[in-house]
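Next come the chains, spelled out residue by residue.
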Number of protein chains: 2
Amino acid sequence: MAAPESGATLESVALAAGVSRQTVSNVLNAPERVAPQTRQRVEEAIQALRYRPNRSARSLRTRMSNLLGYCVQPAAAGNLNPVLDRFVHAVTEAAAEHGFHVLLFTAPAGAAGLDRYAELLAQRAVDGFVLADTVVADPRPGWLTEQGVPFVAFGRSWSGPDRGLWVDVDGAAGMTEAVEHLHALGHRRIAFIGWPEGSGVGDDRVAGYTAACLRLDLDPWIVRAEGGPGTGRELAGRLLDAAEPPTALVCVSDESAYGALRALADRGLRPGEDVAVIGFDDTPAARLPGVDLTSLSQPIEQIGREVVQMLLGLLGVVELPPGPEHRLLRPALAVRASTRPAGPDPAAPTEAR
Amino acid sequence: MAAPESGATLESVALAAGVSRQTVSNVLNAPERVAPQTRQRVEEAIQALRYRPNRSARSLRTRMSNLLGYCVQPAAAGNLNPVLDRFVHAVTEAAAEHGFHVLLFTAPAGAAGLDRYAELLAQRAVDGFVLADTVVADPRPGWLTEQGVPFVAFGRSWSGPDRGLWVDVDGAAGMTEAVEHLHALGHRRIAFIGWPEGSGVGDDRVAGYTAACLRLDLDPWIVRAEGGPGTGRELAGRLLDAAEPPTALVCVSDESAYGALRALADRGLRPGEDVAVIGFDDTPAARLPGVDLTSLSQPIEQIGREVVQMLLGLLGVVELPPGPEHRLLRPALAVRASTRPAGPDPAAPTEAR
DNA sequence: ACGGTGCTTTTGATCGTTCAAAGTGGGATC
DNA sequence: GATCCCACTTTGAACGATCAAAAGCACCGT
């Protein structure tokens, strides 16, 4: 069978179609300039030879690599971040719609990693960057802005003035919704299990909780993990053993929530029936049968699309969407059994005691 | 301050150092050909101008993109695969050591996705592919071999003859070790919670379990999830409610094991003390306080390194390591409380019941 | 007949690098 | 002193695409 003859070039296609290089190039990049009849002939030749423009040659001439840089952080032990997984996928897919791909690289955290970004830029290996996991005092947005490098971040610049474009999840709004949901179910003693102060994401979420409590005339009741994340079980345990324990637990993450569920089980309490529990992230495990954790679901796919849209806008590939330089998207509350008393008719909403 | 002058080229460096293009090129690619004195002068000019070779130009000339293609599968709902995360990171890091980067792309599963691979090849966008998540009757290894495309897979070709190079985890050996570990602890009724037949990975793992049982003169006792993965709780429940329930549960994945732990909690049974539980993957959650699941840990970082090593070998970048065309690495059993009775002296092995 | 206009196509130059081959100059060889 | 060799350096020609500008051609009005 006719092999693809992997050596097709503009020149060879032009020869086959009886036109010049540039005409073939125009068929691909500016078809309206080519007479319909010629165009068809060229397109047939392209098909026949399975021609695809060489990316390196195109990049060299146009000074665009059609690659977006994305840094994969060293996976810290015990750092399960199921969200970034989905984000990378969404970005990759959105980029593909415009002929772009994602280039992965690694870099140490903080200012030490900026070299890698600089290296890729100097090599003209990427056209811009997608940032994720921005942290407080992250040096990247400021540095990239100074260098005039196109980038869009998933996550605010948590300290100092906003630098560059970003898309983020409104964790505060999500937590407010969680509290309101619990309040509507009749809960009045709602505690919050959080991270230590100082993390942008964590502080944002606790702020939403506090605001909702004040508005609903509830007393905020906040406990924080001292020894880092992952100690939800202990914290929840202490809460549940209090003289007047909370009837509902709002957790800064699903991970904390799983710990809280564990603490409930330790005491023979049943989630949803005895104590309500809400997490954040809507991790896959939350919807497993037997877990059924109510959780706030981040619109990761949409964030990925918007980040790419903005970045390609900066690059002049698509029209830059009008509007503000950042977008704050609301997470959605996925209500499951952990905030809904089980019963013979699980579909019916139940008024709490 | 002196801006990096992002426009440095071979020519401008040559001018600055008072030599020709090619000499600068040689300093970078074949330093031994250049007189030490000249070399130093050129290196200083490179430093001063912050010169980095343009990747597109180099790729165009050498016909090597220095990019490895990696397909991110559409994240199926409820498909938590914390392992691939780490794998991608390991591959990215190993590739960086040789000046390579990872190019991400998406493709539909099965034969329909081959087009995307072909597209990238025709564009000369990548030099080869890293495959992950190989499944039974995966069309990719065969197709890539036919096309003469360099690739290495993480995962065997589960059906038909082996095509191409691969690195994989010896799931069978891991499960055998798990059974032996339980046997040494005194367990004699050891059940296996598995996936439906037909998945390469699942069948491999159950085979290791069965082999160990036969060798140790135990009766294999296998139950499988009918409705796909994630129903470990139900399966374990049925086992525990049997007239003569097993004293230990070996699970095909951590996900199943978490379900099993849940089933234990439902019945007031304590993992490690009443019933032993072992998972597979050593997911981050396994080592959370309060979970403490014994699990088989895959040497993902090593696999990533080896995959890259082999692929760069195929590409002629490094010397192809001698030896067989595939490597099978043993997972390590991380022993935690779920197979170890709690007590004042957790180090002492306990005879069962 | 002439030049202008608009549409279509072609030509030469260029992007920044490496390959292949040719050019230096000094010292040893005959 | 001519020859050869060796170590080092330079020169021209690609790689495959796009940009910018020129050229061909049909049609129109004067």
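What counts as what
- Residues numbered from 1 in each chain as written.
- Chains lettered and ligands numbered in written order.
- Predicted model: local features only at pLDDT ≥ 70, side-chain atom pairs only at ≥ 80, totals over all residues.
- Heavy atoms only, no water.
- Pairing = 2+ DSSP bridges.
- Helix = DSSP H or I, 4+ residues; strand = E, 2+ residues; numbered from the N terminus.
- Axes fitted to C-alpha atoms, helices over the stretch in contact; angles between N-to-C directions.
- Contact = heavy atoms within 4.5 Å.
- Buried area = accessible area lost by both parts, 1.4 Å probe.
- Salt bridge = Lys/Arg side-chain N within 4 Å of Asp/Glu carboxyl O.
- Nonpolar A, V, L, I, M, F, W, Y, C, P; charged D, E, K, R; others polar.
- UniProt positions renumbered as here; feature names shortened; annotations may be inferred.
- Parallel < 35°, antiparallel > 145°, perpendicular 65-115°, else oblique.
- Left-handed = near helix turned anticlockwise from the far one by under 90°.

If you check an unreviewed UniProt entry, chain A appears there as LacI family transcriptional regulator from Jiangella anatolica.

Quick look at the sheet that holds strand S10 (residues 294–297) of chain B now. All names here are of chain B. If you trace the six strands from one edge of the open sheet to the other, you get S7-S6-S8-S9-S10-S12, paired in mixed fashion. Each having just a single partner strand, strand S7 (222–224) and strand S12 (332–334) make up the two edges of the open sheet. The mean inter-strand angle of the sheet, taken between neighbouring strand axes irrespective of direction, is 20 degrees. Here S10 pairs with S12 via three bridges, running antiparallel. Counted as the bridge partner of Ser295 is Ala334 from S12. On the sheet, helix H10 (residues 232–240) packs against strand S6 (190–194), S7 and strand S8 (248–251) and is oriented at approximately 155 degrees with respect to S6. Helix-sheet contacts for helix H11 (residues 254–266) involve S6, S8, strand S9 (276–280) and S10, and the interaxial angle to S9 is about 160 degrees.

Moving on: the interface of chain A and chain B. Tallying the contact residues gives 45 residues for chain A and 45 residues for chain B. Summed over both sides, the interface of chain A with chain B buries roughly 4100 Å², with 61% coming from carbon and sulfur. Three residues stand out in chain A for area buried against chain B, namely His89, Leu104 and Gln123 of chain A, and they jointly supply 14% of the buried area on that side. Here chain A and chain B share two salt bridges between them. Of all the secondary-structure elements, those providing two or more residues to the side of chain A that touches chain B are helix H4 (55–62), helix H5 (82–96), strand S2 (101–105), helix H6 (114–122) and helix H11 (254–266) of chain A. The residue makeup of the side of chain A that touches chain B, split by class, is 21 nonpolar, 15 polar and nine charged. Of the strand pairs in this sheet, S2 of chain A and strand S2 (residues 101–105) of chain B are connected by three bridges, and their pairing is antiparallel. Residue pairing in the sheet places Leu103 of chain A in a bridge with Leu103 of chain B of S2 of chain B.

UniProt records the feature "domain: HTH lacI-type" (unreviewed entry) for residues 8–62 of chain A in the present numbering. Here residues 8–62 of chain A runs as 71% helix and 0% strand, with 20 Å between its end C-alpha atoms.

With that settled, the discussion passes to the packing of helix H5 (residues 82–96) of chain B against helix H12 (residues 300–314) of chain B. All names here are of chain B. Contact geometry for H5 and H12: axes closest at 8 Å, N-to-C directions at 45 degrees. Relative to H12, the element H5 lies oblique. Note that H5 runs across H12; the crossing there is right-handed. Of the residues in H12, those touching H5 at Val83, Arg86, Phe87, Ala90, Val91, Ala94 and Ala95 are Ile300, Glu301, Ile303, Gly304, Arg305, Val307 and Val308. In terms of residue class, the contact of H5 with H12 is built from 10 nonpolar, one polar and three charged.

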